[in-house]
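Here's the letter readout for the chains.
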Amino acid sequence: MASWDNQFALALLALVLAALVGSGIAPHDRAVFALEVVPWVVLLGIAVAIHRRFPLTPVSQVASTALCLLLIVGAHYTYTRVPVGLWLRDTLGLERNPYDRLVHFAGGFVAGLVVREALLRRTRLVRGWRTFFLVSLVCLAGGALYEILEWWLAVLARRNASQFLAMQGDQWDTQWDMLLALLGAALAQASLGRLQDRQMRIRGLKREA
């Protein structure tokens, strides 16, 4: 099981790295591309570094990989120009490209799984509604912190700020981003919590006292 899990994790990492290299070829705006990918590459590096001591369940790994791919696509085109988002905007008659909304929802979804798994494995918390709400609140706080960091990076970027933030004229963009992250975290726990529990049980990833 451990050998298969390691091979699976390596395959997912190879997929992300290949996509990252490909997206770095002629991005729409190289400065925005760097601003978008550097923080997540750092987090990816941390995840790889601690993998042996804290291997995530396959469901958390797959969700994290999907989020990385969404982020890479957004960084390549800039979020306001992602083709699938433009198609959705025109098809649904929206006022803006919704791709960044999708990414914030996905970010909360992945955070919901990862935070839940970490708390169940490393604390005295048990499965139930208390853990559900605590994980949701942690993800909400994380979403708010990300918005603050995004603001600071945008200030430093100056000329690339509007493309980096992808507000598209929406004065409630920050609030929408935090709400969607919260909804994503809640849906992840509700829909995949049982699968995650089963994968932790099969692999003996029990909580440490």
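With respect to the overall build of the protein
- Along the protein, the regular secondary structure elements total eight helices and zero strands.
- Walking the protein from its N terminus toward its C terminus, one meets helices and strands in the order α-α-α-α-α-α-α-α.
- In the protein, buried positions account for 39% of the 209 residues.
- Considering only residue pairs separated by 6 or more positions, the protein has 78% of its internal contacts joining residues 24 or more positions apart.
- Taken as a whole, the protein presents about 12000 Å² of accessible surface, with 69% of it coming from carbon and sulfur.

Things to note about the pattern of salt bridges
- Under the counting rule described, the total for this entry stands at seven salt bridges.
- A salt bridge links aspartate 90 to arginine 89, with the nearest nitrogen and oxygen atoms 3.1 Å apart.
- A salt bridge links arginine 127 to aspartate 197, with the shortest nitrogen-to-oxygen separation between them at 3.0 Å. Of the two residues, arginine 127 sits in the loop between helix H5 (99-122) and helix H6 (129-157) while aspartate 197 sits in helix H8 (residues 173-202), which places them 70 residues apart along the sequence.

What about H8?
- Along its 30 residues, H8 runs 41 Å from first to last C-alpha, staying within 8% of the 44 Å computed at 1.5 Å per residue.
- By the largest-angle criterion, leucine 192 marks the main kink of H8, which is about 60°.

Quick look at the packing of aromatic side chains
- Using the criterion set out here, one finds four aromatic pairs in the structure.
- Ring geometry for tryptophan 40 versus tyrosine 146: centroids 6.0 Å apart, planes at 40°, classification tilted. Here tryptophan 40, found in helix H2 (residues 30-49), pairs with tyrosine 146, found in helix H6; they are 106 residues apart in sequence, far enough to count as distant.
- Using a relative accessible area of 25% as the deciding quantity, one classes tyrosine 146 as partly exposed.
- Aromatic side chains tryptophan 129 and phenylalanine 133 sit 6.2 Å apart centroid to centroid with 75° between the ring planes, which places their arrangement in the edge-to-face category. Remark: phenylalanine 133 and tryptophan 129 occur in helix H6; sequence separation between them is four residues, near one turn of the helix.
- Members of the aromatic cluster, connected to one another through ring pairs, are Trp129, Phe132 and Phe133.
- The positively charged end of arginine 121 is found above the aromatic ring belonging to phenylalanine 54, 3.8 Å away from the centroid.

Regarding the nonpolar core
- Counting 13 residues, the largest nonpolar core has Leu67, Leu71, Tyr79, Tyr99, Val103 and Leu113 as its most contacted members.
- Within the residue set of this core, elements represented by two or more residues are helix H3 (58-77) and H5.
- Looking at this core, the element that brings in the most residues is H5, giving six residues.

Some remarks on the environment of aspartate 100
- Positionally, aspartate 100 belongs in helix H5.
- Sequence separation between aspartate 100 and glycine 74 is 26 residues; the distance between their C-alpha atoms is 7.7 Å.

Observations concerning the packing of H3 against H8
- Two elements in contact, H3 and H8, have axes whose closest approach is 8 Å; the angle formed by their N-to-C orientations is 125°. Compared by their axis directions, H3 and H8 come out oblique. On the side of H3, the interface is formed by Pro58, Val59 and Ser60, while H8 contributes Leu192, Leu195, Gln196 and Gln199.
- Its residues assigned to classes, the contact of H3 with H8 comprises four nonpolar, three polar and no charged.

Examining H2
- Helix length check: H2, at 20 residues, gives a terminal C-alpha distance of 27 Å against a target of 28 Å (1.5 Å per residue), a fit within 8%.
- By the largest-angle criterion, valine 37 marks the main kink of H2, which is about 30°, and a proline, proline 39, follows within four residues.
- Among all positions of H2, only Val32, Phe33, Leu35, Glu36 and Val37 are buried.
- Its side-chain oxygen at 3.0 Å from the backbone nitrogen of alanine 31, aspartate 29 defines the N-terminal cap of H2.

Cut-offs used in this document
Residues numbered from 1 in each chain as written. Predicted model: local features only at pLDDT ≥ 70, side-chain atom pairs only at ≥ 80, totals over all residues. Heavy atoms only, no water. Helix = DSSP H or I, 4+ residues; strand = E, 2+ residues; numbered from the N terminus. Buried < 20%, exposed > 50% of the residue type's maximum accessible area, 1.4 Å probe, protein only. Contact = heavy atoms within 4.5 Å. Areas by Shrake-Rupley, 256 points an atom, 1.4 Å probe, with all protein chains shown as cover. Salt bridge = Lys/Arg side-chain N within 4 Å of Asp/Glu carboxyl O. Expected span 1.5 Å × (residues − 1). Bend = angle between axes of the 7 residues up to and from the residue. Phe/Tyr/Trp six-rings, centres within 6.5 Å; stacked < 30°, edge-to-face > 60°. Lys NZ or Arg CZ within 6 Å of the ring centre and 35° of its normal. Core = buried A, V, L, I, M, F, W, Y, C linked by side-chain atoms within 4.5 Å. Axes fitted to C-alpha atoms, helices over the stretch in contact; angles between N-to-C directions. Parallel < 35°, antiparallel > 145°, perpendicular 65-115°, else oblique. Nonpolar A, V, L, I, M, F, W, Y, C, P; charged D, E, K, R; others polar. Polar contact = N/O pair within 3.5 Å; in protein donor to acceptor, adjacent residues only side chain to side chain.

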